[in-house]
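Overview (structure and organization)
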Amino acid sequence: MDNKDECCSTHLIDGDGVFNVAGVENFMKEVKLAECGLSYAVVSIMGPQSSGKSTLLNHLFHTNFREMDAYKGRSQTTKGIWMARCAGIEPCTLVMDLEGTDGRERGEDDTTFEKQSALFALAVSDIVLINMWCHDIGREQAANKPLLKTVFQVMMRLFSPRKTTLMFVIRDKTRTPLENLEPVLREDIQKIWDSVPKPQAHKDTPLSEFFNVEVVALSSFEEKEEQFKEQVASLRQRFFHSIAPGGLAGDRRAVVPASGFSFSSQEIWRVIKENKDLDLPAHKVMVATVRCEEIANEKYVAFTENEEWCQLEEAVNSHSVRGFGRKLSSILDACLSEYDAEATFFDEGVRSSKRKQLEEKLLQLVQPAYQSMLGHIRSDTFERFKEAFEKALEGGKGFALAARECAESFMSHFDEECTDAIIEQAKWDSSRVRDKLRRDVDAHIAELRTAKLAEVTTLYETKLNEALAGPVEALLDGAGDDTWPAIRKLLQRETDTAVSGFAAALSGFEMDEESRVNMVFRLKDYARGVVEAKAKEEAGRVLIRMKDRFSTLFSHDQDSMPRIWTGKEDIRAITKTARSASLKLLSVMAAVRLEDEGDSIDKTLVLALVDTSSSKSISSVDLLASSSWDEVPPSKTLITPVQCKSLWRQFKTETEYVVSQAIAAQEASKRNNNWLPPPWAIVAMVILGFNEFMTLLRNPLYLGFIFVAYLLFKALWVQLDISGEFRNGVLPGLLSLSTKFLPTIMNLLKRLAEEGQGTSSGQQPQGNPALAAKSFRGSTNDNGKVSTSTTSEVTSENGTEYSSSSLHDKTQ
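Within every chain, residues take consecutive numbers counted from 1 along the sequence as written. In keeping with the predicted nature of the model, local features appear solely for residues at pLDDT of at least 70, side-chain atom pairs appear and are counted solely at 80 or more, and the whole-chain, interface and lining totals rest on all residues. The basis for every side-chain value is the complete set of heavy atoms in the structure, and neither hydrogens nor water enter the calculation.

What follows deals with the overall build of the protein. A run of H or I in DSSP becomes a helix once it reaches four residues, and a run of E becomes a strand once it reaches two; helices and strands are each numbered from the N terminus. On a plain count of helices and strands, the protein comes out with 29 helices and eight strands. Among the 812 residues that make up the protein, the fraction classed as buried is 43%. Sequence-distant contacts in the protein: of pairs separated by 6 or more residues, those separated by 24 or more amount to 74%. The Shrake-Rupley method, run with a 1.4 Å probe sphere, supplies the accessible areas, and residue values consider only the shown protein chains as cover. Surface accessibility of the protein: about 43,700 Å² in total, with carbon and sulfur atoms responsible for 52%. Relative accessibility under 20% of the residue-type maximum defines a buried residue, over 50% an exposed one, and the middle range a partly exposed one, all with a 1.4 Å probe and only protein chains included. Whether two residues are in contact is decided by their heavy atoms: any pair within 4.5 Å suffices.

Moving on, we get to the packing of helix H7 (residues 261-273) against helix H8 (residues 280-304). Helix axes are fitted to C-alpha atoms over the stretch in contact, other axes to C-alpha atoms as well, and angles between N-to-C directions run from 0 to 180 degrees. Interhelical geometry of H7 versus H8 gives an angle of 135° and a closest axis separation of 10 Å. The pairing of H7 with H8 is recorded here as oblique in orientation. Here H7 runs over H8; the crossing is right-handed. Mapping the contact onto sequence places Phe263, Ser264, Glu267 and Ile268 in H7 and His283, Met286, Val287 and Val290 in H8. Class assignment of the residues belonging to the contact of H7 with H8 gives a composition of five nonpolar, two polar and one charged. Note on angle classes: values under 35 degrees are labelled roughly parallel, values over 145 roughly antiparallel, values of 65 to 115 roughly perpendicular, and the remainder oblique. Should the near helix be turned anticlockwise from the far one by less than a right angle, the crossing is left-handed, and should it be turned clockwise, the crossing is right-handed. Asp, Glu, Lys and Arg are counted as charged, while Ala, Val, Leu, Ile, Met, Phe, Trp, Tyr, Cys and Pro are counted as nonpolar; the rest, among them Gly, fall into the polar class.

Attention shifts here to the confidence of the model for the protein. Confidence of the predictor in every single residue is expressed as pLDDT, which spans 0 to 100. Taken as a whole, the protein shows an average pLDDT of 81; of its residues, 85% reach a score of 70 or greater. Note on residues 68-75: pLDDT is under 50 here. Beyond four places in sequence and across chains, it has twelve contacts. Note on residues 763-812: pLDDT under 50 across the span, and 60 contacts to partners over four residues away in sequence or across chains.

To continue, consider the packing of aromatic side chains. Here a pair means two rings of Phe, Tyr or Trp (six-membered ring of Trp) with centres within 6.5 Å. Their orientation is stacked below 30 degrees between planes, edge-to-face above 60, and tilted elsewhere. Per the stated rule, a full pass over the model turns up 19 aromatic pairs. A ring pair is formed by Phe113 and Trp269, whose centres lie 6.1 Å apart and whose planes are at 70°; its orientation type is edge-to-face. Taken together, the residues Phe113 in helix H3 (residues 112-124) and Trp269 in helix H7 connect sequence positions 156 residues apart. Pair check on accessibility: Phe113 and Trp269 agree, each one buried. Seen in terms of ring centroids, Phe385 and Phe389 are 5.6 Å apart; in terms of plane orientation they differ by 20°. Their pairing is stacked. Of this pair, Phe385 and Phe389 both sit in helix H11 (residues 348-394), four residues apart, roughly one helical turn. Comparing Phe385 with Phe389 shows no difference in burial state: the two are buried. Aromatic ring contacts, followed pair by pair, group Phe382, Phe385, Phe389, Phe399, Phe410 and Phe509 into a single cluster. In this structure, Lys361 is placed above the aromatic ring of Tyr300, and the distance from its NZ or CZ to the ring centre is 4.3 Å. The ring of Tyr460 has Lys463 sitting right over it, with the charged end atom 4.8 Å from the ring centre. By definition, being over a ring means that NZ of Lys or CZ of Arg is both within 6 Å of the ring centre and within 35 degrees of the ring normal.

All right, on to the environment of His62 then. Here His62 shows up in the loop between helix H2 (53-61) and strand E4 (81-85). His62 sits 22 residues away from Ala84 along the chain, and the two C-alpha atoms are 9.7 Å apart.

To continue, consider the nonpolar core. In this text, buried Ala, Val, Leu, Ile, Met, Phe, Trp, Tyr and Cys residues form a nonpolar core when linked through side-chain atoms within 4.5 Å. One finds Phe120, Phe152 and Phe211 to be the most contacted residues of the largest nonpolar core, which totals 172 residues. The biggest single contributor to this core is H11, with 15 residues. Ignoring sequence-local partners within four residues, the contact set of Phe211 consists of Leu122, Val151, Phe152, Met155, Lys163, Thr164, Leu166 and Trp193. Ile45, Leu60, Phe61 and Val232 belong to the second largest nonpolar core, which has 23 residues in total.

Packing of helix H13 (residues 431-477) against helix H15 (residues 513-539) leaves a shortest axis separation of 9 Å and a crossing angle of 35°. Crossing geometry of H13 relative to H15 is assigned as right-handed. Contacts between H13 and H15 involve Leu453, Thr457, Tyr460, Glu461, Leu464, Asn465, Leu468, Ala469, Val472, Glu473 and Leu476 from the former and Met519, Leu523, Tyr526, Ala527, Val530, Val531, Lys534, Ala535 and Glu538 from the latter.

Where burial is concerned, most of strand E8 (residues 211-217) is hidden: five out of the seven residues are buried. Any two strands are treated as partners once DSSP identifies two or more bridges connecting them. In terms of strand pairing, strand E7 (residues 164-171) meets E8 through seven bridges, oriented parallel. Across the sheet, the residue bridging to Leu166 is Val213, located in E8.

Moving on: the state of the cysteines. The disulfide criterion is simple: two cysteine sulfur atoms within 2.5 Å. By the definition in use, this model includes zero disulfides. Free cysteine Cys36: the closest other cysteine sulfur is in Cys92, separated by 4.5 Å.

The subject of this paragraph is H15. What a helix should span is 1.5 Å times the count of its residues minus one. With 27 residues, H15 should cover 39 Å at 1.5 Å per step; its first-to-last C-alpha distance of 38 Å lies within 8% of that length. Taken together, the buried positions of H15 are Met519, Val520, Leu523, Ala527, Val530, Val531, Lys534, Ala535, Glu538 and Ala539.

Each reported salt bridge corresponds to a side-chain nitrogen of Lys or Arg within 4 Å of a carboxyl oxygen of Asp or Glu. Inspection of the entire model under this criterion finds 39 salt bridges. Measuring nitrogen to oxygen at the nearest pair gives 3.1 Å for the salt bridge that ties Arg270 to Glu274. The exposure class of Arg270 is partly exposed, given its relative accessible area of 39%. Classification of Glu274 by relative accessible area gives partly exposed; the value is 39%. Linked by salt bridges that have partners in common, Glu473, Asp477, Lys534, Glu537, Glu538, Arg541 and Arg545 make up one network.

Let's shift gears to a nonpolar patch on the surface. Residues with no salt bridge and a relative accessible area higher than 30% make up the patches, which join like charges within 9 Å and nonpolar side chains (Val, Leu, Ile, Met, Phe, Trp, Tyr) within 5 Å. On the surface, Phe707, Val708, Tyr710, Leu712, Phe741, Leu742, Met746, Leu749 and Leu752 cluster together to form a nonpolar patch covering roughly 860 Å² of accessible area. Those elements giving two or more residues to the nonpolar patch turn out to be helix H24 (701-720) and helix H26 (730-760). Residue contributions to the nonpolar patch peak at five residues, all from H26. Within the secondary structure, Leu742 sits in helix H26.

Mapped onto the present numbering, the UniProt feature "transmembrane region" (unreviewed entry) falls on residues 701-718. A helix fraction of 100% and a strand fraction of 0% characterise residues 701-718, whose end C-alpha atoms lie 26 Å from each other. UniProt positions are given in the numbering used here, feature names are shortened, and annotations may be inferred rather than shown by experiment.

Time to look at the pairing of E4. Bridge count between E4 and strand E5 (residues 92-98): five bridges; the pairing is antiparallel. Within E5, the residue paired with Ala84 across the bridge is Val95.

Bringing the side chain of Ser44 into the picture now. Counting through the fold element by element, Ser44 comes out in strand E3 (residues 40-46). With a relative accessible area of 0%, Ser44 lands in the buried category. The term polar contact refers here to a pair of N or O atoms within 3.5 Å; inside protein, the definition further demands a hydrogen-donor-capable atom paired with an acceptor-capable atom, and it admits residues adjacent in sequence only when both atoms are side-chain atoms. At a separation of 2.9 Å, a polar atom in the side chain of Ser44 contacts the side chain of Ser125. Setting aside residues up to four positions removed in sequence, Ser44 forms contacts with Met96, Leu98, Ala121, Ser125, Ile127, Val128 and Leu129.

Bringing unusual backbone geometry into the picture now. The phi torsion of most residues other than glycine is negative, and most of the peptide bonds are trans. A cis amide bond links Glu90 with the next residue in sequence, Pro91, at an omega value of -5°. Summarising the element assignment, Pro91 is placed in the loop between E4 and E5. Phi angles above zero are rare outside glycine, and His241 is one such case at about 50°. Within the fold, His241 resides in the loop between helix H6 (225-237) and H7. The class of His241 is exposed, set by a relative accessible area of 51%. We note that Glu510 has phi near 50°; this positive angle belongs to a residue other than glycine. Within the fold, Glu510 resides in the loop between helix H14 (483-507) and H15.

Below is the structure:
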């Protein structure tokens, strides 16, 4: 690469036809050709060898091409094709110096490279200078005609030739005026054009369709150098703004953008070397395709490495980003704008196609980030919706109203967030994410609605259970004729109260009438179920309830005081009353009577189990020999007739012992109250014992002895618990007394001795002898039992003795 006065040059194609790719790339970077777009021109020159082409170019464009040394003889100076930038000409103008034609070095028949280089120059140049000698004009076999034939013949190999300006530069002009030379030259050119074989498509195409023909004449450089330089300087002015309208190449077409010049020229030379017809439109599209694709790939890679995009992508993967759509649209727009700026001069169809592909690749790259952004918006909106919904419900707002307002508000909020995330270059629809959010919102509302309805239902069911279970149990415990009417009244009152509150709670859900009625109906059913369940539960304990009621009524008087069986009570009447009350309890428990419908359960039970006079005439077995009650459906039956009979039999069996105990206590009371002998025995004892009575009166010491003997006997009676021992039979009593008699005597004598010593020593004051007997009240027998009944007999003889005995019997 040589540099001189802003002129750069390179060997484009060497003499062997090898394209200098590296040299062209360096040349383009040096002259910054890629920045020119379409604002550049290409000029080439062709002509016979040693015709002064390089000299003309160096003076015309201030280049530094190697010129022939006239002192060394005429020989080939330029080999292949050289290219340089014209210094001081705007726009950027490139000039190519082609190897001269008709050179002896290549020989007479070797014209292949001449044709190839001529075709290459026509394909890439806007202006082609044809250097020719003035004295050759008008000659049939002069050197210019083979050159023109070569130019026109190779032009036909272009599928769609570009409009090229042919400037014939007549060198070493003679005295003949140019006005006389130009018509002759144009005539020769036309004859050559007409004689060149053409394809059918261009059979009648005029020369002007392919070429703009210009003719200039220059004086001899060697003989009239100053005049030559003045004429060249004048000609140089015509190359300024040559591509502007009216310029030398103002009507050019099919221009390759400057950034694609290297690739385009390389491909053109390859096709020419392969000896193929050159399709310029197809070549233009091919160059545009390759170059636009390169630009698109460069922009795609630049986008992926863009720091702002990388930061945005990393941020959106973890959380939502405010202004995501605006930021990403800006980055994409900058990337596409750069592509447009670099590809603007290439074929529009290819440029647009590659731009669309680049845009699709970029959108495909950013779509995951966009989807992540939508996902964050959806999840954030959903979470905020749930929080707002809960707060609205806690604030006392109706469920349906709160759900509707919150759903509408946050769906609008979602739409706003999605609008903020929209990428201008994409036409993506967020409806699927919106629909998913809507489904999530509806599902949450439905789930929470179900939970809230269940909560409300449970609340009122709990209230009903608390309001009904205890009172129903109490009413059934005191079962009577008004039990079920009272239960029905209680059920109606509590159900109405609960239904009223329940309906008010349901109003906030804005339910349809059918659903509301069904829920209220289920609540009423629940209330009935509570009563029925409690009744069934109590029916399972009916036997215990019956025995408790019997025991209460039988063992207590009207003042609820425990009965004392003194022998005056009518045990039969008391038993009948207690059993009738227990039977009433059984009849109440036999069935659920929540409807005000009569039944005959009570009468049936009375006839079958109590009224014994009627049972002889009516078979009681037949009355209860059934598994169902008349006028009572099986679903309302708690205790069947057969079960009632079995329960009654068991009840009677378990209560008979209490009755027998009462009877025994009553008889014992009677016996204890009748302790005096009969009157005749008293009279006989007075008559027969008169002498003994008088003896005692005459000798009072006998009374003291008898009193002491009585006290000893009483003490033995208490200590041995004789009445208790004989309660289980005579023989067991005798056996027990035989084992306890001697130890008891020894213990009694020991106590007497101890008390005597204590009295003599003054440790215990003299007391009433009766109290000594009472001191044995808390003594125990040999088996550790305290004999409280005998003690009571000693201390009380006016009826309290029986009471103690009866209590002792109960404890047995």
